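Per-entry structural report
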Amino acid sequence: MASLETTYAGLKLRNPIIVSSSGLTDSPEKNKKLYEAGAGAIVLKSLFEEQVMKDADWQGDMGSYAEGSDYLVEFMRENQLGEYLGLIRETKKVCPIPVIASMNCYHDTEWVNVAKQIEAAGADAIEINILALQTDVDYTFGAFEQHHVNILRHVKSNVQIPVIMKLGKNFTNPIALIHALYLNGAAAVVLFNRFYQPDIDIEHLKQISGAVFSSEIELARSLRWVGIASAAVDKLDYAVSGGIHSPEGVVKAILSGAAAVEICSAFYQNSYALLNQYLNFLNVWMEQKGMQSINEFKGRLNVKDLDGVNTFERSQFMRYFSLHK
Ligand SMILES: Cc1cc2nc3c(=O)[nH]c(=O)nc-3n(C[C@H](O)[C@H](O)[C@H](O)COP(=O)(O)O)c2cc1C
């Protein structure tokens, strides 16, 4: 039987299917079930900046009771962080697979201290997700990328465990950013994070939330960028996240260069039993193709001609889109 083991961010995974950060991974009980269902690793629900920063917006609502508000803010902060550290500790007791903590942040402030506590609580790695839109008309191009590097560098210089960067979809050149992240100690990159999806209700003329869950069509973006990135910056690991709704999607992600996949929507919409189906498919597919290990086909279909990426993209555009009259 083929081996499904993979190495991701320096961690040994029994298989490449990671349950990504979400409500699916917010309790030790759920995490135990995910382990029993076959998950290769889990990324815990994110700890959000708003949950741990001292200057939470609501502090302003406390009016002139400065002393009381200071106490409350500190209490809230310690409590939320304490709960998160408890989630790590308790999950580690019942889940003998890698447990990756997730920090969803924006400012380059107290994360160093938080990261140290996450490490001390037993997390096997930290995934950083810097979630923000850049909308300032005075924005300096490259500033947000530099912000990623700064946060990574500060966290990385204070913890020993691997640090993984989960990126948004709006970078001009993800490859240059990934290269800078690699130079500053990132062990892996996740492509991509899923943002809130806005929609508009034309009946009631108001803004509403779009689909919370992804669809299969979103996979193409990750396949493109992992295919390029894994060839251009090949010293760190990649995980595809976004739009994997079939076991074939897992195979495609690995062929494009990913060492692992992070899945969430499909598990929400179906059940944990999907894990077993995906793993069975992977086993059968590998046997049919005569593959003994994940490494044998990881990146086999990534981009071989980096200089030709634009020629390829432009010619494919002309070829496929011009055919439709
Ligand atoms: C309901 C829900 C909750 C999520 N919560 C988080 C979160 O707390 N932190 C995070 O980094 N990503 C979060 N995500 C993004 C997922 O981890 C994942 O990267 C994204 O949904 C793409 O994978 P998918 O196409 O399999 O859903 C969430 C996604 C969903 C649908």
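Further up the page is the structure itself.
What comes next concerns the included structure.

Of all residues adjacent to the ligand, which total 21 residues, the nearest are Ser21, Ser46, Asn129, Ser214 and Ser265. In this structure, Ser46 approaches the ligand through a side-chain N or O atom, which is 2.6 Å from a nitrogen atom. In this structure, an oxygen atom belonging to the ligand sits 2.8 Å away from a side-chain N or O atom of Lys166. Isolated, the ligand exposes 600 Å² of accessible area, and the fraction of that covered by the protein chains is 90%. Because more than half of its atoms lie within 2 Å of the grid, the ligand is assigned to the largest pocket. Among the residues forming the shell around the ligand, the class breakdown is 7 nonpolar, 11 polar and 3 charged.

Quick look at unusual backbone geometry now. Most peptide bonds take the trans configuration, and most residues that are not glycine carry a negative phi. Of note, the amide linkage connecting Leu191 to Phe192 takes the cis form, showing an omega dihedral of 10 degrees. Within the element layout of this structure, Phe192 appears in the loop between strand S9 (188-191) and strand S10 (198-201). In this model, Ala9 sits at a positive phi of 55 degrees, which is unusual for a non-glycine residue. In this structure, Ala9 sits in the loop between strand S1 (6-8) and strand S2 (11-13). The residue Leu205 is not glycine, and still its phi comes out positive at about 50 degrees. Relative to the assigned elements, Leu205 resides in the loop between S10 and strand S11 (206-209). Among the residues examined, Leu205 registers a relative accessible area of 74% and is labelled exposed.

Scoring rules and cut-offs
Residues numbered from 1 in each chain as written. Predicted model: local features only at pLDDT ≥ 70, side-chain atom pairs only at ≥ 80, totals over all residues. Heavy atoms only, no water. Near = heavy atom within 4 Å. Polar contact = N/O pair within 3.5 Å; in protein donor to acceptor, adjacent residues only side chain to side chain. Areas by Shrake-Rupley, 256 points an atom, 1.4 Å probe, with all protein chains shown as cover. 1 Å grid on protein atoms, 1.4 Å probe; cavity = no way out; pocket = protein on both sides within 12 Å on 5 of 7 lines; lining within 4 Å. Sits in = over half its atoms within 2 Å of the grid points. Nonpolar A, V, L, I, M, F, W, Y, C, P; charged D, E, K, R; others polar. Helix = DSSP H or I, 4+ residues; strand = E, 2+ residues; numbered from the N terminus. Buried < 20%, exposed > 50% of the residue type's maximum accessible area, 1.4 Å probe, protein only.

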